[in-house]
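In case you want the letters, here they are:
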Amino acid sequence: MKTKSLYFAALFVIGAAVTAVAKDEPTTGMAVLSSKGSQVVKVIYKGENAGKVKINIYDASSHIVYSESRSTDAGFILPLNFSGLQFGEYTIELIDANSTKTEKINYQPAAAKNNVHISKLNENGKFLLSVSKIKNEDITVKIFDAANNLVHTSSKQVSGEFAQLFSIKNFSGACTFEITNGAGETTVVRF
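Quick caveat, the model's predicted, so the values are computed rather than measured.

Trainee: Before we go on, may I ask you to explain unusual backbone geometry in this structure?
Mentor: A negative phi angle characterises most non-glycine residues, just as the trans form characterises most peptide bonds. Although it is not a glycine, S62 adopts a positive phi angle of roughly 65°. Structurally, the position occupied by S62 is in the loop between β3 (51-58) and β4 (64-72). Residue classification places S62 among the exposed positions, given a relative accessible area of 55%. Positive phi, normally seen in glycine, also occurs at N148, with a value near 65°. In this fold, N148 is placed in the loop between β9 (126-145) and β10 (150-167).

Structure below.
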């Protein structure tokens with residue numbers, strides 16, 4: 001009998017400890033995934049219960065630019081296409097039965113990347129540099145020798161496509177090209 005009493009007492013203590021530790025925390029939440037240059041923003045929602053959820057999107061002036069109500073079992077992933085909207089800051093608001101959640105995003109255009117290509121020609125010390133997708137900006141070309149000494153620097157205002165042949169005198173071994181556009185983006189190519 002004492003063994004049974006001790007067994008039930010131990011079971012009671014363990015059960016109380018498990019109940020205290022395993023108390024359910026709220027499992028509701030919202031996450032907004034966006035990347036610079038992408039027109040699609042994903043809203044991820046997880047709720048505790050089935051019910052109605054309202055999504056509002058506000059522009060920087062606090063005007064509603066989009067609103068939707070939807071029923072959900074316990075969550076969803078909602079892709080939102082921002083194409084056609086002005087670039088800037090937006091607030092995404094999600095209202096469920098228990099709370100209101102907000103998150104800010106900064107909708108920005110993709111940075112126009114310059115496509116830089118450098119070819120080493122068969123002749124010693126000759127290189128062909130070509131850059132595409134330039135929008136009327138200055139580019140700076142720097143060339144360094146194997147000892148990292150600056151052997152050439154030039155700047156040009158270009159628009160559209162650009163190509164130039166470079167002949168490095170007394171070329172031997174490695175060299176490095178640094179091409180910097182007007183936005184300060186630098187491409188480094190080593191030979």
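Trainee: What is the right way to read the packing of aromatic side chains from this model?
Mentor: Where two aromatic rings form a pair, the distance of their centres and the angle of their planes describe that pair. With the rule as written, the count across this model stands at 6 aromatic pairs. A centroid spacing of 5.4 Å and a plane angle of 85° characterise the contact between F82 and Y90, whose relative ring orientation is edge-to-face. The side chain of R70 reaches across the aromatic face of F76, ending 4.9 Å from its centre.

Trainee: Got a minute to help me understand the environment of E185 in this structure?
Mentor: Summarising the element assignment, E185 is placed in the loop between β11 (175-180) and β12 (186-190). Each C-alpha atom, one on E185 and one on I139, is 9.8 Å from the other, the two residues being 46 residues apart in sequence. A polar side-chain atom of E185 sits 2.8 Å from a polar atom in the side chain of N181.

What counts and what doesn't
Residues numbered from 1 in each chain as written. Predicted model: local features only at pLDDT ≥ 70, side-chain atom pairs only at ≥ 80, totals over all residues. Heavy atoms only, no water. Helix = DSSP H or I, 4+ residues; strand = E, 2+ residues; numbered from the N terminus. Buried < 20%, exposed > 50% of the residue type's maximum accessible area, 1.4 Å probe, protein only. Phe/Tyr/Trp six-rings, centres within 6.5 Å; stacked < 30°, edge-to-face > 60°. Lys NZ or Arg CZ within 6 Å of the ring centre and 35° of its normal. Polar contact = N/O pair within 3.5 Å; in protein donor to acceptor, adjacent residues only side chain to side chain.

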